[in-house]
Amino acid sequence: MIEIIPAIDLIDGRCVRLSQGDYERCTQYKALPEEMVKMYADAGIRRVHVVDLDGAKAAVPRNLHVLERMASLGVAAIEWGGGLKSDEALRDAFNAGADYAIAGSIAVKSPATMQRWLSAYGGDRVILGADLRQGKVSVNGWLEDSSLTIDDVIGEFLPHGLTQVICTDISKDGMLSGPHTELYTDLQSRYPSLIFTVSGGISSMDDIIRLNSLALPRVIVGKAIYENRISLRDIESFITRS
């Protein structure tokens with residue numbers, strides 16, 4: 001069964017969503033991050049995806065106090081990304097309660113650091129975050145595009161213990177237009193040893209059901225939940241049936 005992973009994006013300690021990674025197209029929501037984690041856990045969710053957008057922009061974590069509050073609940077595992085660009089930042093995130101760390105920009109800009117993290121913490125805790133725009137990996141909170149493809153980045157770290165990849169199609173993110181399904185089925189078929197997480201474009205439970213039928217292992221859902229296109233009851237029912 002596909003694992004549903006709700007997304008929480010943070011700016012100034014509040015839950016927000018961006019459209020296509022644009023900080024100028026930002027919607028803020030009323031619920032506190034820790035309230036969202038509790039609601040998700042009550043619906044049967046066991047992992048939550050959290051991105052510190054302030055940290056991504058500043059190149060250093062900015063919302064670790066929020067991470068501490070979410071993790072202290074002890075109801076769901078937290079995979080945390082945004083601003084993790086130094087050994088100190090990674091340690092701080094783990095010390096604040098992150099169960100998993102998402103390494104995105106650092107993997108592109110300092111492959112040796114990513115290799116060291118995989119060696120020190122293992123592929124079970126360090127996840128490659130690859131955000132794609134027109135086939136190239138984007139970095140620094142989606143503000144800068146690199147010349148690398150997803151295959152370039154995976155090829156760099158596969159020999160060093162990489163096991164998990166969150167691949168976000170930026171063109172789909174926050175647009176509620178459906179995921180780029182072919183991208184993920186192609187990646188999963190070509191790299192069967194890796195666990196890929198679908199990210200970007202989920203608009204309804206039908207999208208999740210289709211991804212599940214294609215045997216894709218994980219999916220991140222963000223705006224569709226906030227905009228009530230997918231309810232917590234829908235998620236709970238899906239988890240219970242499956």
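A few points on the structure. Model, not experiment: these values are computed from the prediction. Every chain begins its residue count from 1, and numbering advances along the sequence as written. Per-residue local features of the predicted model are confined to residues with pLDDT of at least 70, and side-chain atom pairs are confined, for both listing and counting, to 80 or more; whole-chain, interface and lining totals are unaffected and use all residues. As a rule here, side-chain values cover all heavy atoms of the structure and leave hydrogens and water aside.

Notes on the overall build of the protein
Then comes step 1: For helices the rule is a DSSP run of H or I covering at least 4 residues; for strands it is a run of E covering at least 2, with both sets numbered from the N terminus onward. A tally of regular secondary structure across the protein gives 11 helices and 12 strands.
Then comes step 2: Over its C-alpha atoms the protein spans a radius of gyration of 16 Å, differing by no more than 12% from the 18 Å that the globule rule assigns to 242 residues.
Then comes step 3: The principal-axis extents of the C-alpha atoms in the protein amount to approximately 45 × 40 × 35 Å.
Then comes step 4: Across the 242 residues in the protein, those meeting the buried criterion constitute 55%.
Then comes step 5: Under the convention used here, Asp and Glu are negative, Lys and Arg are positive, and both His and the chain ends fall outside the count. Charged groups are reduced to one reference atom each: NZ for lysine, CZ for arginine, CG for aspartic acid, CD for glutamic acid. Of the side-chain charges in the protein, 25 are positive and 32 negative, and the distance between the mean point of each set is 2 Å. Note that the radius of gyration is over C-alpha atoms, with the globule rule given as 2.2 Å times the number of residues to the power 0.38. Partly exposed residues are those whose accessible area sits between 20% and 50% of the maximum for their type, while under 20% is buried and over 50% is exposed, using a 1.4 Å probe and protein chains only.

Considerations on the pattern of salt bridges
If the charged atoms of two oppositely charged side chains come close together, the side chains can form a pair.
Then comes step 1: The salt bridge definition used is simple: a Lys or Arg side-chain nitrogen within 4 Å of an Asp or Glu carboxyl oxygen. Applying the stated criterion to the full structure yields eight salt bridges.
Then comes step 2: For the salt bridge of Asp 42 with Lys 38, the shortest nitrogen-to-oxygen distance reads 3.0 Å. A residue pair is termed a helical-turn pair when its members lie 3 or 4 positions apart in one helix, as Asp 42 and Lys 38 do in helix H1 (residues 33-42) at four residues.
Then comes step 3: Taking the shortest distance from any N to any O, the salt bridge between Glu 79 and Arg 47 comes out at 2.9 Å. In this pair, Glu 79 sits in strand S5 (residues 77-81) while Arg 47 sits in strand S4 (residues 47-52), placing the two residues 32 residues apart along the sequence. Residues Glu 79 and Arg 47 agree in their burial class; the two are buried.
Then comes step 4: Counted as one network, the salt bridges with shared partners bring together Asp 151, Asp 186 and Arg 190.

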